[in-house]
Structure formats: C-alpha cells, structure tokens
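What follows is the residue order along each chain.
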Amino acid sequence: MTTEKQQSWGWQVIADVFAGGIGAGVFVVSFFMEQVYGTSQLTNVGILLGPLLVLVGIFFLLIEVGQPKNAVRAFLNIRTSWMSRGVILLPVFIGLSLLYALIPLVSPNFKTSAFSLVLGLLAVLIALLVALYYGFLFSQVRGIALWNNPLLPMLYFVSALAGGTGLLMVLSPFLNAATGLTGALKVIGLAFVCLVLVSIWLMVGIQPSHIYRESLRSLLSPSFIVVTLALGHIVPLVVLILSLFVRGAATSVLLFIAGAFSLVGALHLRAAITQAGHHYTMRVSL
C-alpha cells in the first residue's frame, strides 16, 4: 500500500475556495466596521465586493462540477453533502448581501431602519456559514487524512476573515479611509493573522497517521514556508505591528503592503492544502 497525491481537485477548486472565502470575510468585516464607525466608501465597497467575489467562486465551482446533470445532482444530497449545502448557502448569501448593498441606492435612508440591521445581520450569519463551508467541503472528502481534520474548517474560517480584512487594507488608501477605520483594520488584521498562524501550528502539531504525516511533508514544502508562512503571514504581522507606531501617509502604504501579502498568503494556503492531499492506493502484483 502506497500514498499518492490527489488529482481530482485542481485550480478551479482553489479559485472557488479563495474567492468565496475572501468574499464572505470582506462582507463580515465591512458590515461590523460600518456598524461601529458608520457608512463609508470603504465599507460600501467591501459590502458590495463580498457577494460579487462569492459569485466568481460559484463560476469556478460550476467549471469543476462539469456537466449540467452533475450540477442537478448537487441539489439532491443536502442532508449528507457539504457540496449540496453550499449550493443552497452561496446563492442565499449573494441574494441577501446584494439586497443590503444595493437598496441604499434607491432608498438613501435604508441604513437607518431596523429592517436594514436585521437584513445585514442575517447576511452576516450566512456569510459566516459560507466561510466555514469551504473547510467542511474539504473535511468530508474520504481517504485524504490532511483534509479529514476538524481543525481545517477553523483554519479556512479565520483565513477567510484575515483575507477579507487584507482586501480592505489594500483598498483603504484609494477610498480615503478615515483614521478610525485604518486603526480598526490594523487591530483586526493583527488578530486574524495571529489566529491563522495558531491554526496552522495546531494542524502541524497533530500527526495521527502515516498518511497524515506524508501529507504534512508535502504541505510543509519550501514554497509553503516562504510564501504562505513568511510572505503571507509573518510579513503582514510585522508590517501591521510597525503600522501601530506611524501616522499619516505611511500608514496607508503599510496597510496596502500588509493587505497585499495577506491575500497572497490566503491564496497560497488554499493551493498548498489542496495540492498536499494524499490518499492510499492499493497495488496488486500478479
């Protein structure tokens, strides 16, 4: 019995999990920043980008599903399949979040109504489920020990929020974000980057089987160490800590750098986990 890398899930799944996770994360962070600091260009753009990015993810998911009959089958296993649950969750999130984002264009006082708060909180709840969904989508795949890990949904969840915050950091210099917003982005970004690093450390520390250790060896490649850990998380962590001690235009530059590297880290993390999946194969000699 030997181990082989999985070949079933490729770049389409990576693109889906990245775009969908970042979309859910940026919507959640934008909504709560809007509630605390009020409506701004940055929060408006983040709230609108959330469902649009999830929609992009669905496009790549449909490419992966392939033929229309496979897409129809995806609706039929909602009790047992996270793929089927995602087919329900993703359109619901897109619908609710687009309503929340677009109604103010025709009703300027909408954000001051109780219905706006209820609609926004409902969209946030579904967005949080969407962020978790991508981890559960991987963890239900049988025979791939690295993915059959209860920590994977947590890792994808905090990474989605970290990536969503990173996207807002990248946008903030171009949307004249107020000092309060940039200060909040620093703290939120620091918290989520630390949570991602802790989640990765916990996953690496658990080595329950030979095939899991084999997958870990594949995951912890030089590119993972350099791109995912160093560039994608350590650099943003250091830059955000540095940004706490500077003011003015330098803050915008540091936020952009931290956000860009966070997005690179989020993408490479998902690519590395997808490509590091190993399963057992049986070879019979005759």
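## Details of the overall build of the protein
The helix and strand inventory of the protein stands at 10 helices and two strands. A burial count over the protein gives 50% of its 286 residues as buried. Contacts in the protein between residues at least 24 apart in sequence constitute 80% of all its contacts with a sequence separation of at least 6. For the protein, the exposed surface amounts to about 13,300 Å²; the carbon and sulfur share of it is 72%.

## What to know about the packing of aromatic side chains
Evaluation of the coordinates by the stated rule reveals 12 aromatic pairs. Arranged with centres 6.0 Å apart and planes meeting at 70 degrees, the rings of F110 and F115 form a pair that is edge-to-face. For F110, a relative accessible area of 7% gives the class buried. Here F115 falls in the exposed class, since its relative accessible area comes to 52%. Relative to Y134, the ring of Y133 has its centre 4.8 Å away and its plane inclined at 55 degrees; by these criteria the two rings are tilted. Note on Y133: relative accessible area 0%, which makes it buried. Put simply, the rings of F27, F31, F32, F93, Y100, F110 and F115 pair up and form one aromatic cluster. The ring of Y156 has R270 sitting right over it, with the charged end atom 5.3 Å from the ring centre.

## As for the packing of helix α1 (residues 11-37) against helix α6 (residues 151-171)
Look at α1 against α6: their axes get within 7 Å of each other, and the N-to-C directions meet at 65 degrees. As judged from the angle between their axes, α1 and α6 are roughly perpendicular. Handedness of the α1/α6 crossing: right-handed. Of the residues in α6, those touching α1 at V17, G21, I22, G25, V26, V28, V29, S30 and M33 are Y156, A160, L161, G163, G164, T165, L167 and L168. Split by residue class, the contact of α1 with α6 holds 11 nonpolar, six polar and no charged.

## Description of a nonpolar patch on the surface
A cluster of nonpolar side chains, namely L48, L52, L55, L102, L105 and V106, defines an oily patch on the protein surface of about 570 Å² accessible area. Taken together, the elements giving at least two residues each to the nonpolar patch come down to α2 (41-65) and α4 (82-106). Of note, L102 is situated in helix α4.

## Focus: the confidence of the model for the protein
On average, residues of the protein carry a pLDDT of 85, and 86% of them reach 70 or more. Here residues 282-286 is modelled with pLDDT under 50, and outside its nearest four sequence neighbours on either side it reaches three contacts, counting other chains as well.

## A short note on α1
In a regular helix each residue adds 1.5 Å, so 27 residues correspond to 39 Å; α1 covers 38 Å between its end C-alpha atoms and thus fits that length. Counting buried residues along α1, 22 of its 27 residues qualify, which places the element largely inside the surrounding structure. The positive-phi residue at the C-terminal boundary of α1 is G38, with phi of around 90 degrees.

Conventions adopted
- Residues numbered from 1 in each chain as written.
- Predicted model: local features only at pLDDT ≥ 70, side-chain atom pairs only at ≥ 80, totals over all residues.
- Heavy atoms only, no water.
- Helix = DSSP H or I, 4+ residues; strand = E, 2+ residues; numbered from the N terminus.
- Buried < 20%, exposed > 50% of the residue type's maximum accessible area, 1.4 Å probe, protein only.
- Contact = heavy atoms within 4.5 Å.
- Areas by Shrake-Rupley, 256 points an atom, 1.4 Å probe, with all protein chains shown as cover.
- Phe/Tyr/Trp six-rings, centres within 6.5 Å; stacked < 30°, edge-to-face > 60°.
- Lys NZ or Arg CZ within 6 Å of the ring centre and 35° of its normal.
- Axes fitted to C-alpha atoms, helices over the stretch in contact; angles between N-to-C directions.
- Parallel < 35°, antiparallel > 145°, perpendicular 65-115°, else oblique.
- Left-handed = near helix turned anticlockwise from the far one by under 90°.
- Nonpolar A, V, L, I, M, F, W, Y, C, P; charged D, E, K, R; others polar.
- Patch = residues over 30% accessible without salt bridge, like charges linked within 9 Å, V, L, I, M, F, W, Y side chains within 5 Å.
- Salt bridge = Lys/Arg side-chain N within 4 Å of Asp/Glu carboxyl O.
- pLDDT = per-residue confidence, 0-100.
- Expected span 1.5 Å × (residues − 1).

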